[in-house]
Amino acid sequence: MIGKTLLKILYFAWVRERTGLAEEDIALPENVTTVGDLIIHLKTKGPGYASAFENAGTIRAALDQAHVSHDTPLGNAREVAFFPPMTGG
Amino acid sequence: MIIPTKIAIRAEDFDQAAEIAALTESRTDVGAVATFTGICRSENGALTALELEHYPGMAEAEIARMAEEATSRWPLLGLTVIHRHGKIEAGGNIVLVVTTSSHRAAAFAAAEFLMDYLKTRAPFWKKEHFADGRTGGWVEAKDIDDTAAERWTVQPAAE
């Protein structure tokens, strides 16, 4: 039983609409170590993902519910979220 | 100092008067109350509602971090932030910030700081619903909001 740890990924707003998923659990490939690596990996999962992450630079990310930059290592995070720039208030 | 801090993310509307009273009743040290209410505009009748999506858990956590920073930067006596989610009709309330302090400067500044940070850091997204039945796109973030938030960034002391 080696079972890789699953990482929970959440998508919001138009990122959610384009991937077609609000959330999913994925097993991380070994070459994925940062948030940016994960985006590159997700882009290969289908046209919806490719569209969602087309302009990766505009996508915001959070690790365990705190904002992070794309070069942040995923480390032991349990939850990653991707979303457009925020428009609350 | 621990001050009364209320943070709520909810669908239900809020009552400004009741929220102000909650921070001012039964005490005589409050000399200033500043409130900000964000309301859904109809954009000259074109827009009927905004739908607010949020990231449950992170929304509360992020606003709590902002509240903590506001409390450390200004001598506040109390602070309330209520942000609604779900479908909000034109004319409806979206967000409420209430800050109290002994004097007005801290209350004004902290309320403005909290709103600027809410706009750019709290995980909420608005989708437009139009009068002709169309569901519009997602509201785009504005550079002007980033600029407003950046002015609160502490500049490193000059050498």
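See the structure above.
The notes below deal with the structure included here.

Thresholds, definitions, all that
Residues numbered from 1 in each chain as written. Chains lettered and ligands numbered in written order. Predicted model: local features only at pLDDT ≥ 70, side-chain atom pairs only at ≥ 80, totals over all residues. Helix = DSSP H or I, 4+ residues; strand = E, 2+ residues; numbered from the N terminus. Rg over C-alpha atoms; globule rule 2.2 N^0.38 Å. Buried ≥ 20, exposed ≤ 12 C-beta atoms within 10 Å, placed from the backbone. Contact = placed C-beta atoms within 7 Å. Axes fitted to C-alpha atoms, helices over the stretch in contact; angles between N-to-C directions. Parallel < 35°, antiparallel > 145°, perpendicular 65-115°, else oblique. Left-handed = near helix turned anticlockwise from the far one by under 90°. Nonpolar A, V, L, I, M, F, W, Y, C, P; charged D, E, K, R; others polar.

## Focus: the overall build of chain B
Part 1: Looking only at helices and strands, chain B has 4 helices and 8 strands in total.
Part 2: Its helices and strands taken in sequence order, chain B reads β-α-β-β-α-β-β-β-α-β-β-α from the N to the C terminus.
Part 3: Relative to the 2.2 N^0.38 estimate, which gives 15 Å for 159 residues, the radius of gyration of chain B is 17 Å and therefore close to what a compact globule would have.
Part 4: Overall, chain B is about 50 × 45 × 30 Å in size when its C-alpha atoms are taken along their principal axes.

## Regarding the overall build of chain A
Part 1: Summing up its helical and strand segments, chain A has 3 helices and 5 strands in all.
Part 2: Each helix and strand of chain A, placed in order from N terminus to C terminus, yields the pattern β-α-β-α-α-β-β-β.
Part 3: For a compact globule of 89 residues, the expected C-alpha radius of gyration is about 12 Å, and chain A comes in at 12 Å, within 12% of that figure.
Part 4: Counting across all 89 residues of chain A, residues that qualify as buried make up 27%.
Part 5: A separation threshold of at least 6 residues defines the contact pool for chain A, and within that pool the share at least 24 residues apart is 49%.

## Brief notes about the packing of helix α3 (residues 104-121) of chain B against helix α4 (residues 143-150) of chain B
All names here are of chain B.
Part 1: In contact at an axis separation of 9 Å, α3 and α4 are set at 130 degrees when each is read in the N-to-C sense. For the element pair α3 / α4, the angle class is oblique. Crossing of α3 against α4: the hand is left-handed. Where α3 abuts α4, its residues D116, Y117, K119 and T120 lie against D145, D146, A148 and A149.
Part 2: Classifying every residue of the contact of α3 with α4 by side-chain character gives 3 nonpolar, 1 polar and 4 charged.

## Quick word on the interface of chain A and chain B
Part 1: Each partner contributes residues to the interface: chain A has 14 residues there, and chain B has 21 residues.
Part 2: Among the elements of the structure, α1 (13-19) and β5 (79-83) of chain A are those that each provide at least two residues to the side of chain A that touches chain B.
Part 3: Of the residues belonging to the side of chain A that touches chain B, the class tally is 9 nonpolar, 5 polar and no charged.

## Points about the environment of A46 of chain B
All names here are of chain B.
Part 1: Here A46 lies in the loop between β2 (32-39) and β3 (47-54).
Part 2: The spatial distance from the C-alpha of A46 to the C-alpha of L118 is 26 Å, given a sequence separation of 72 residues.
Part 3: When residues no more than four places from it in sequence are discounted, the contact partners of A46 are F130 and A131.

It is worth stressing that arrangement in space is one thing and function is another; only the former is reported here.
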